[in-house]
Amino acid sequence: MSTAVAPSRSAVVRTAAPRLALARVGRIAVLVGPLVVLIASLGYPLALAVSRSFTDRDDNYVGTQTWSNALADGAVQKAFVRTLEIAALSTVGCVIVGTFVAFVLAFIPFAGSRFVVRVIEAVVSLPSFLIPLALGVLFGPVGVVSSSTGHRFTFMSSVIGVVLAMIAFYTPFVVRPLLAAFSQFPSAQIDVASSLGAGPLRIAARVILPAVWPALAAAASLVFLLTLNEFGIVLFTGAKDVTTLPMLIYTTSIVGSDFATAAVLATIQLALSLSAYLLYRAVVRRFDTTGA
């Protein structure tokens, strides 16, 4: 009987080996396939843009000459500073407004608070250019408020208008993470602090904010990354004197047909974006308590 069992086991092994090999190939294909698609759709265009930055307008290789000309251009330097300025101001504004709104929604219950939360969530799903268009109807050069006040409020065509539009659109990116953090905050700590005589502002500053600081820092880093690359809001605001790097890339390539200089600017923008993303990831890892 033992001689009959042995061949049967050997046959099972021979049959299972090809199946295991096919399963292994399938797992490799699942991993390699998306990687190949990512390289083809993202890696290649980025590499092409970087390589194009070392050529001139006629696509002739000129080394770092195009880089030197671009970096020495006052318009490029101004756009670089303006991009960082708008991103920083927008991030600060979103943090201030978003923290206040999240505090009110989480700790001061009122009728319709859930509806307000849903509206805030819905804003994120809207195209970003709708915000400056809506604000332009009110505060634009020919807007309702501007026309009724003798054109005294026409700030939508300035840096202030761009920053306000970005704050209006990106504040939900701060509110939502803070609401999630507030929902996990133990209310007993607030009761203890209140029983010890601490006022609302002191409780907020000394008890609540330190506990939700990780969520706030991560949200601020994400907002800075998003505002750094914003194009639609700046374009539809109509601020002609406000030129950021994304806007300069657009005008240089599409309007000026100078793709070499545009490639230099795109590479600079890419470096800024990667730096902001690494900052965001560093903040998330620094405060991550899940071990992820």
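Just so you know, these numbers come straight off a predicted model, no measurement behind them. Residue positions are given per chain, counted from 1 along the sequence in the order it is written. Reporting of local features is limited, given that this is a predicted model, to residues whose pLDDT is at least 70; pairs of side-chain atoms are given and counted only at 80 or more, and all residues count toward the totals for whole chains, interfaces and linings. Side-chain metrics in this entry use all non-hydrogen atoms of the structure; hydrogen atoms and water are not considered.

Some thoughts on unusual backbone geometry
The backbone of Asp-59 sits at a positive phi, close to 65 degrees, despite the residue not being glycine. The numbering of helices and of strands both runs from the N terminus, where a helix is a DSSP run of H or I of at least 4 residues and a strand a run of E of at least 2. By the secondary structure assignment, Asp-59 is in the loop between helix H1 (2-52) and helix H2 (65-72). Positive phi is not limited to glycine here, since Ser-257 has a value of about 55 degrees. Assignment of secondary structure puts Ser-257 in the loop between helix H12 (245-255) and helix H13 (259-287). Assessed through its relative accessible area of 39%, Ser-257 is described here as partly exposed. Exposed residues in this analysis have more than 50% of their type's maximum accessible area, buried residues have under 20%, and partly exposed residues fall in between, with area computed by a 1.4 Å probe over protein chains only.

Let's talk about the side chain of Ser-53
By secondary structure assignment, the location of Ser-53 is in the loop between H1 and H2. Within polar-contact distance, the side chain of Ser-53 engages the backbone oxygen of Val-50 at 2.4 Å. Any two residues whose heavy atoms approach within 4.5 Å are treated as being in contact. Among residues more than four places away in sequence, those in contact with Ser-53 are Gly-63, Thr-66, Trp-67, Ala-260, Ala-263, Val-264 and Thr-267. Whenever a nitrogen or oxygen atom comes within 3.5 Å of another N or O atom, the pair is scored as a polar contact, on the condition that within protein one atom can donate a hydrogen and the other can accept it, and that pairs from neighbouring residues in sequence are kept only if both atoms are in side chains.

Some words on the packing of helix H3 (residues 74-107) against helix H8 (residues 172-183)
Working convention: axes come from line fits to C-alpha atoms, limited for helices to the stretch in contact. Angles between N-to-C directions cover 0 to 180 degrees. Where H3 meets H8, the closest approach of the two axes is 8 Å, and the angle between their N-to-C directions is 40 degrees. By the angle between their axes, H3 is oblique relative to H8. Crossing handedness for the pair H3 and H8: right-handed. The segment H3 lies against H8, with Cys-94, Val-95, Gly-98, Thr-99, Val-101, Ala-102, Phe-103, Leu-105, Ala-106 and Phe-107 engaging Val-174, Val-175, Leu-178, Leu-179 and Phe-182. Ten residues, namely Ala, Val, Leu, Ile, Met, Phe, Trp, Tyr, Cys and Pro, are considered nonpolar, four, namely Asp, Glu, Lys and Arg, are considered charged, and the remaining ones, Gly among them, are considered polar. Grouping the amino acids of the contact of H3 with H8 by side-chain chemistry returns 13 nonpolar, two polar and no charged. Orientation labels follow simple angle bins: below 35 degrees gives roughly parallel, above 145 gives roughly antiparallel, 65 to 115 gives roughly perpendicular, and whatever is left gives oblique. The handedness criterion is simple: a crossing whose near helix is rotated anticlockwise from the far helix by less than a right angle is left-handed, and one whose near helix is rotated clockwise is right-handed.

A word on the pattern of salt bridges
In what follows, salt bridge is the name for a side-chain nitrogen of Lys or Arg lying within 4 Å of a carboxyl oxygen of Asp or Glu. Tallied over the full model, the rule gives five salt bridges. Here Asp-59 ties to Arg-52 by a salt bridge, and the two come within 3.7 Å at their closest N and O atoms. In this structure, the salt-bridge partner of Asp-258 is Arg-57, at a minimum N-O distance of 3.8 Å. With Asp-258 in the loop between H12 and H13 and Arg-57 in the loop between H1 and H2, the pair connects residues that are 201 residues apart, well separated along the chain. Residue class for Asp-258 comes out buried when judged on its relative accessible area of 13%. Salt bridges sharing common partners tie together Arg-118, Glu-121 and Arg-176.

Digging into the environment of Ser-53
For Ser-53, a relative accessible area of 0% corresponds to the buried category. Here the alpha-carbon distance between Ser-53 and Gln-65, two residues twelve residues apart in the chain, equals 9.3 Å.

Some points on the packing of H3 against helix H7 (residues 159-170)
Packing of H3 against H7 brings their axes to within 9 Å, and their N-to-C directions diverge by 45 degrees. By the criterion of interaxial angle, the relationship of H3 to H7 is oblique. With respect to the hand of their crossing, H3 and H7 are arranged in right-handed fashion. Between H3 and H7, the residues in contact are Arg-82, Ile-86, Leu-89, Ser-90, Gly-93, Cys-94 and Val-97 and Val-159, Val-162, Val-163, Met-166, Ile-167 and Tyr-170, respectively. Looking at the contact of H3 with H7 residue by residue, the class counts come to ten nonpolar, two polar and one charged.

Quick look at empty space enclosed by the protein
For each structure, a 1 Å grid was placed over the protein atoms alone; sets of points admitting a 1.4 Å probe that cannot get out are labelled cavities, open sets with protein on both sides within 12 Å along at least five of seven lines are labelled pockets, and lining residues have an atom within 4 Å of a point. Grid points are joined across faces, edges and corners, and a volume is the space filled by probe spheres set on the points. All chains considered together, the criterion is met by one cavity of 30 Å³ or more. Roughly 30 Å³ of internal volume is contained in the largest cavity. As for the largest cavity, its lining consists of Thr-83, Ile-86, Met-166, Thr-227, Leu-228, Glu-230, Val-234, Thr-244 and Pro-246. Going through the elements one at a time, H3 and helix H10 (200-228) are the ones with two or more residues in the lining of the largest cavity.

With respect to a nonpolar patch on the surface
A residue counts toward a patch only above 30% relative accessible area and without a salt bridge, and it is joined to like-charged neighbours within 9 Å or, for Val, Leu, Ile, Met, Phe, Trp and Tyr, to nonpolar neighbours within 5 Å. The Shrake-Rupley method, run with a 1.4 Å probe sphere, supplies the accessible areas, and residue values consider only the shown protein chains as cover. On the surface, Leu-126, Phe-129, Leu-130, Leu-133, Leu-235 and Phe-236 cluster together into a nonpolar patch covering about 460 Å² of accessible area. For the nonpolar patch, the secondary-structure elements that each account for two or more residues are helix H5 (130-139) and helix H11 (232-237). Taking the relative accessible area as the measure of exposure, Phe-129 reaches 32% and is therefore partly exposed.

Here's the deal with the nonpolar core
For the purposes of this section, nonpolar cores are sets of buried Ala, Val, Leu, Ile, Met, Phe, Trp, Tyr and Cys residues that join through side-chain atoms within 4.5 Å. The biggest cluster of nonpolar side chains holds 41 residues, and the ones touching the most others in it are Ile-86, Val-162, Met-166, Tyr-170, Val-174, Leu-178 and Phe-182. If you tally residues by element for this core, the top one is H10, at nine residues. If we skip the residues at most four places from it in the chain, Val-162 touches Ile-86, Ile-233, Val-234, Thr-237, Ala-239 and Val-242. In terms of nonpolar packing, the next biggest core, distinct from the first, is built from 15 residues, Val-76, Val-264, Leu-265 and Leu-272 among them.

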